[in-house]
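Breakdown of the fold
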Amino acid sequence: MICRVFLLLLLMFGAIAAPLHAMTCEEATEAANGIDPRIWEVREQILALDFDLLNSARPPQWQDLENIKKLADKAENLLLEINGSPEKSAAYNALLPSLRHLAGEDATYAALLKPKGFHSGAYGPTDYKLMREYQDHLKRLNAALGKGLKIQPKRLHPERVEPKMIADAEAEVARQSERLKQTLHTMGYKDMDEYRAAIKAMGPEAEALLKLLQDGEIDITIRRPLSGRWWIPRVGFHNQFVTGTSRGSLDYHWRHRAESGLMDIPLEKYEPQDHRTKPKYGSADAFEDKSKRHNTDANQYGPDRWVMKKNKVGKRLMWTPGDSLGYPTGQGRWDNQFIPWEFRELMVPFLLEGYHQGKFDSGRNIFPGIDHHAYSHSYLEIQILGPIDLTDVAEFHFKDGEVPTGEFLEALKAHDIKIFDYSSWPPQPWSPSE
């Protein structure tokens, strides 16, 4: 292989034109070392680029993205520094033609330059967004490399499936609403009007809770571990079918059976659906005025609390009084399904006891008229169908000094997400200036 040590130089300064003149590898090596030896650090990284990533044979992992970002940063900074020195810039101008000639005979670099066509096949749930970020950093690197010397990855076909997934999710929740209307009478009241009248007859506290729910003044929260701070800005929120992890029960088959049963979809039809269409789980949390302390039973899912915009997710939002995994399914009862958000007034019997004690949690049903299944958790579980990303987030809550920093903080600010510290109660607004 001919003079691979000069590839970085060629890459870094390929945009500079000069008359071609001959120079041996040894002569070029000596000249380049006299300008800046850091060139060789970047050279090694460029030559080590994974052709599987360039060919879109696999999506990048977090380390791949960190590596290409650092490489692009280093190339940009080194180029600026050398171009800022008339002496170094002139030396490179003189050296470049020989490097171009030598690199043109190098098989490795020729493969980097060769057009690779378009990516073929379907993307996995997070593949497109990760591949696109990798190629965005590659574009920055290419800008430093210059015309005629740009590294050519496989081009990506745009993925535009998520808007339809959201529309389909809203349609599915509307179907669940129609299902519930057919079984509402099984809770012990003939319709919602009779139910509301019974709630109000219980006294001012029950009536106040009913109004809070009618106005939608509760937080819809998804909890995630600290590691989510790297992933969520890039690919959004995902369920265990995509992440392969869970801080609850990690059992794909059991989860598929529960979800398909609660939505009355045949398992064989539900299971192969794109995992992005399936529920992401959280809890109906503290009231928006933070007058009631939120339940802590869901904290096992992570210390970071992401509060959703109900105007963005409300039409694809559902709930159950407790843990839906293992929940009874089938026909004939009002709570044999995920309950659409529009029926959140039915939360009153499960919240009233805690509300009276200054807490927001799902205690035992103290309302004698409403019939329901037993459940295992003391929080109201929520389910959101379809894709969720930072555009759906209203607030981010952290605790115990785990303040958002760096790129993560910039992502929150870019989406106008309000930040709160909930190390004490009620949560306090936080900004990086503090």
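For the structure, see preceding data.
Residues numbered from 1 in each chain as written. Predicted model: local features only at pLDDT ≥ 70, side-chain atom pairs only at ≥ 80, totals over all residues. Heavy atoms only, no water.

1. Description of the layout of surface pockets
In plain terms, the rule: Cavities and pockets are found on a 1 Å grid laid over the protein atoms alone: a cavity is a set of points where a 1.4 Å probe fits but cannot escape, a pocket is an open set with protein on both sides within 12 Å along at least five of seven lines, and a lining residue has an atom within 4 Å of such a point. Grid points are joined across faces, edges and corners, and a volume is the space filled by probe spheres set on the points. Only DSSP runs of H or I covering at least 4 residues are called helices, and only runs of E covering at least 2 are called strands; the numbering of each starts at the N terminus.
Of the voids in this model, the second largest pocket is the one considered here, and its volume is about 600 Å³. Considering the residues around the second largest pocket, the lining is formed by 28 residues, among which E133, I232, P233, R234 and V235 are closest to the centre. Secondary structure elements with two or more residues in the lining of the second largest pocket: α8 (127-145), α12 (228-235) and α18 (406-414).

2. Brief notes about the packing of aromatic side chains
Short version of the rule: The aromatic pairing rule takes the rings of Phe, Tyr and Trp, using the six-membered ring of Trp, and pairs them if the centres are within 6.5 Å, calling planes under 30 degrees apart stacked, those over 60 edge-to-face and the rest tilted. Whether a residue is buried, partly exposed or exposed follows from its accessible area with a 1.4 Å probe, protein chains only, as a fraction of its type maximum: under 20%, in between, or over 50%, in that order. Each ring is checked for a lysine NZ or an arginine CZ that lies within 6 Å of its centre and within 35 degrees of its normal; such an atom marks a charge sitting over the ring.
Across all of its chains, the model carries eight aromatic pairs by this definition. Ring plane angle 75° and centroid distance 4.6 Å describe the contact between W230 and W231, whose orientation is recorded as edge-to-face. Taking the centre distance of 5.3 Å and the plane angle of 85° together, the rings of F237 and W306 count as edge-to-face. Taken together, the residues span a long stretch of sequence, with F237 in the loop between α12 and α13 (240-243) and W306 in strand β4 (residues 304-308) at a distance of 69 residues. On the basis of relative accessible area, F237 is assigned to the buried category, the value being 2%. Judged by relative accessible area, which is 0%, W306 ranks as buried. Here the aromatic cluster, defined as three or more aromatic residues joined through ring pairs, consists of F237, W306, F396 and F408. When the ring centre of Y270 is taken as origin, the NZ or CZ atom of K278, which lies over that ring, is 5.2 Å away.

3. Some points on the pairing of strand β5 (residues 317-320)
The condition that has to hold: At least two bridges found by DSSP between two strands are what make those strands a pair.
Burial of β5 is two-sided: the residues L317 and W319 facing one way and the residues M318 and T320 facing the other way are all buried. Where β5 and strand β6 (residues 339-340) come together, two bridges link them in antiparallel fashion. The residue of β6 that forms the bridge with M318 is P340.

4. What about the side chain of R276?
Let me state the cut-off plainly: Nitrogen and oxygen atoms within 3.5 Å of one another constitute a polar contact, given that in protein one can donate a hydrogen and the other can accept it, and given that sequence-neighbouring residues count only through two side-chain atoms. The criterion used for residue contact is that any of the two residues' heavy atoms lie within 4.5 Å.
Along the chain, R276 turns up in the loop between α15 (267-270) and β2 (280-287). Overall, R276 belongs to the buried group, its relative accessible area being 3%. Side-chain polar atoms of R276 contact the side chain of E159, separated by 3.2 Å. Look past the residues within four positions of R276 in its chain and what remains in contact with it is G124, P125, E159, V161, E162, M165, H238, G386 and P387.

5. Let's talk about the side chain of S324
Here S324 lies in the loop between β5 and β6. Residue classification places S324 among the buried positions, given a relative accessible area of 1%. One polar contact links S324 to E381, side chain to side chain, over a distance of 2.6 Å. The residues contacting S324, other than those within four sequence positions of it, are R255, A258, L262, Y281, F338, E381 and Q383.

6. Details of the pattern of salt bridges
Test applied: A carboxyl oxygen of Asp or Glu within 4 Å of a side-chain nitrogen of Lys or Arg is what we treat as a salt bridge.
For the structure on display, the rule yields 24 salt bridges. Residue R58 is joined to D64 by a salt bridge in which the shortest nitrogen-to-oxygen separation is 2.8 Å. Between K69 and D73 there is a salt bridge; the shortest N-O distance is 3.0 Å. Of this pair, K69 and D73 both sit in helix α5 (residues 62-83), separated by four residues, roughly a single helical turn. By relative accessible area, D73 is classed as partly exposed at 24%. Within this structure, K69, D73, E76, E133, R140, R234 and E407 form a network of salt bridges that share partners.

7. A few points about α12
With six of eight residues buried, α12 lies mostly within the body of the structure. Contact partners of the buried residues in α12: α5, α8, β1 (218-224), β4, β9 (393-398) and α18. Directly after α12, the chain includes G236, whose backbone phi takes a positive value near 85°.

8. Regarding the environment of Q176
Looking at the element boundaries, Q176 is found in helix α9 (residues 162-183). A sequence separation of 87 residues divides Q176 from M263, and the C-alpha atoms of the two residues are 6.9 Å apart. Residues within four places of Q176 in sequence aside, it is in contact with L262, M263, M318, Q337, F338 and P340. In terms of polar contacts, Q176 uses its side chain to reach the side chain of E172, at 2.6 Å.

9. Considerations on the pairing of β9
Summarising burial for β9: five of the six residues are buried, a large majority. Of the strand pairs in this sheet, β4 and β9 are connected by four bridges, and their pairing is antiparallel. Residue V307 lies in a different strand from β9, and its bridge partner there is E395. Alignment of β9 against strand β10 (residues 418-421), held across four bridges, turns out to be parallel. When the bridges of β10 are listed, F398 appears paired with D421.

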